[in-house]
Amino acid sequence: MTYIVALTGGIGSGKTTISNSFKKIGINIIDTDIISKQIIEKNIEVFNAIKKKFGNSILNSNQSINRKLLRKYIFHDKKTKLWLEDILIPKIYQESKKQIKLVNSIWCLWVVPLLVEKKLDKIAHRILLVDTSLKIQIKRLIKRDKINLCEAKNMIYQQTSRNKRIVISDDVILNHNKNIETLDIYTYYLNCFYTYLFNTYHLKKQTKKQIFKKNYLTKLY
């Protein structure tokens, strides 16, 4: 059985950077954002539901879903966001379980932005949170998505609070700077740590909460 570490964090916290660092050392990554994108592109049921909801204006010139426009819609209307999540989350969860069964590394990183909101932590053995300040989140979102301050705040406030993520997490990366070399060092440490937990879990049959208390890794990169 593969040991599953769920990686979560708020929008703009650095989840992709963290997962890419683990990918470099051979850890299998199951990314629910990628799964979501594939479902929207390839699942006829989902495609038709989105098209019916928003009309032809949601389509690109090649008749695919305009994900940038869809993202704009859902972050401006909470009901629409919940509607789309209700359609996607069950399919994302099932596809995640399928991909986890195919993992060939001792442990895998399951990237789940909505882990807390949708209570998807039940199949994870350990939860890794990448956290950062509101100020840095806003700065990154404005730069990445080319949006204004109001839009950035709206996207952040539609997600669960930092405190709720911290409470549920076992390990917390406080991401406040950009030292990539330091990140690689701590990625190596966490890989050793999770490999140890995998062995401990199978030898002693202990649950994640019985092994270690919350582990803070401060200012990693």
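Residues numbered from 1 in each chain as written. Predicted model: local features only at pLDDT ≥ 70, side-chain atom pairs only at ≥ 80, totals over all residues. Heavy atoms only, no water.

The name an unreviewed UniProt entry gives the chain is Dephospho-CoA kinase, with Buchnera aphidicola as the organism. Taken from UniProt, the Pathway (unreviewed entry) comment for the chain reads in full: "Cofactor biosynthesis; coenzyme A biosynthesis; CoA from (R)-pantothenate: step 5/5." (UniProt positions renumbered as here; feature names shortened; annotations may be inferred.)

What follows deals with the packing of aromatic side chains. Here the structure, examined in full by the defined rule, presents 7 aromatic pairs. Between Trp107 and Tyr194 the ring centres are 5.0 Å apart and the planes differ by 65°, which places this aromatic pair in the edge-to-face class. With Trp107 in strand β3 (residues 107-111) and Tyr194 in helix α9 (residues 180-204), this residue pair connects regions lying 87 residues apart in the sequence. Like Tyr194, Trp107 is buried. Consider the rings of Phe193 and Tyr194, whose centres lie 5.6 Å apart with planes at 40°: the pair is tilted. Its relative accessible area of 0% is what places Tyr194 among the buried residues. Chaining the aromatic ring pairs together yields one cluster made of Phe22, Trp107, Tyr189, Phe193 and Tyr194. (Phe/Tyr/Trp six-rings, centres within 6.5 Å; stacked < 30°, edge-to-face > 60°. Helix = DSSP H or I, 4+ residues; strand = E, 2+ residues; numbered from the N terminus. Buried < 20%, exposed > 50% of the residue type's maximum accessible area, 1.4 Å probe, protein only.)

Here the UniProt-annotated "binding site: ATP" (unreviewed entry) positions come out as Gly12, Ser13, Gly14, Lys15, Thr16 and Thr17. Residues that both appear in the annotated list above and line the largest pocket are Gly12, Ser13, Gly14, Lys15, Thr16 and Thr17. Assignment of secondary structure puts Gly12 in the loop between β1 (3-8) and α1 (15-24). Not counting the four nearest positions on each side in its chain, Gly12 is found in contact with Thr132, Gln137, Arg140 and Arg144. Looking at where Ser13 falls in the secondary structure, it is placed in the loop between β1 and α1. We classify Ser13 as buried; its relative accessible area is 1%. (1 Å grid on protein atoms, 1.4 Å probe; cavity = no way out; pocket = protein on both sides within 12 Å on 5 of 7 lines; lining within 4 Å. Contact = heavy atoms within 4.5 Å.)

Among the nonpolar cores identified, the biggest contains 39 residues, and Ile50, Ile65, Leu70 and Trp110 are the most heavily contacted of them. Here the element with the most residues in this core is helix α5 (residues 78-101); it accounts for 6 residues. If we ignore the near neighbours within four places in the chain, the residues touching Leu70 are Ile40, Ile50, Phe54, Ile58, Ile65 and Leu84. Within the second largest apolar cluster, 19 residues are counted, among which are Leu7, Ile27, Ile173 and Leu183. (Core = buried A, V, L, I, M, F, W, Y, C linked by side-chain atoms within 4.5 Å.)

Attention now moves to the environment of Gly9. Along the polypeptide, Gly9 turns up in the loop between β1 and α1. Along the chain, Gly9 and Val172 lie 163 residues apart, while their C-alpha atoms are 9.6 Å from each other. Other than its neighbours up to four places away in sequence, Gly9 contacts Lys15, Pro113, Leu129, Val130 and Arg165.

This paragraph deals with unusual backbone geometry. Even without glycine at this site, Gln63 takes up a positive phi of about 75°. In this structure, Gln63 sits in the loop between α3 (44-54) and α4 (67-76). By relative accessible area, Gln63 is classed as partly exposed at 48%.

Okay, the packing of helix α2 (residues 32-42) against α3 next. Packed helices, taken two at a time, are described by the angle their axes make and the gap between the axes. Contact geometry of α2 with α3 gives a least axis separation of 6 Å together with a crossing angle of 80°. Comparing the axis directions of α2 and α3 gives the class roughly perpendicular. Within the contact between the two elements, α2 uses Ile39, Ile40 and Lys42 and α3 uses Ile44, Val46, Phe47 and Ile50. (Axes fitted to C-alpha atoms, helices over the stretch in contact; angles between N-to-C directions. Parallel < 35°, antiparallel > 145°, perpendicular 65-115°, else oblique.)

Orientation of helix α6 (residues 134-145) relative to helix α7 (residues 149-157), taken along the N-to-C sense of each, is 120°, at an axis distance of 9 Å. The pairing of α6 with α7 is recorded here as oblique in orientation. At the point where α6 passes α7, the crossing takes the right-handed sense. When α6 is examined against α7, the residues Leu134, Gln137, Ile138, Leu141, Ile142 and Asp145 are found in contact with a partner set consisting of Leu149, Ala152, Lys153, Met155, Ile156 and Tyr157. For the contact of α6 with α7, a count of residues per class yields 9 nonpolar, 1 polar and 2 charged. (Left-handed = near helix turned anticlockwise from the far one by under 90°. Nonpolar A, V, L, I, M, F, W, Y, C, P; charged D, E, K, R; others polar.)

So, about the layout of surface pockets. Here the largest pocket is characterised by a volume of approximately 1,300 Å³. Around the largest pocket, the lining comprises 43 residues; the ones closest to its centre are Ile11, Lys15, Asp33, Arg71 and Arg144. Going through the elements one at a time, α1, α2, α4, α5 and α6 are the ones with two or more residues in the lining of the largest pocket. Residue classes in the lining of the largest pocket are distributed as 18 nonpolar, 11 polar and 14 charged. (Points joined across faces, edges and corners; volume = space filled by probe spheres on them.)

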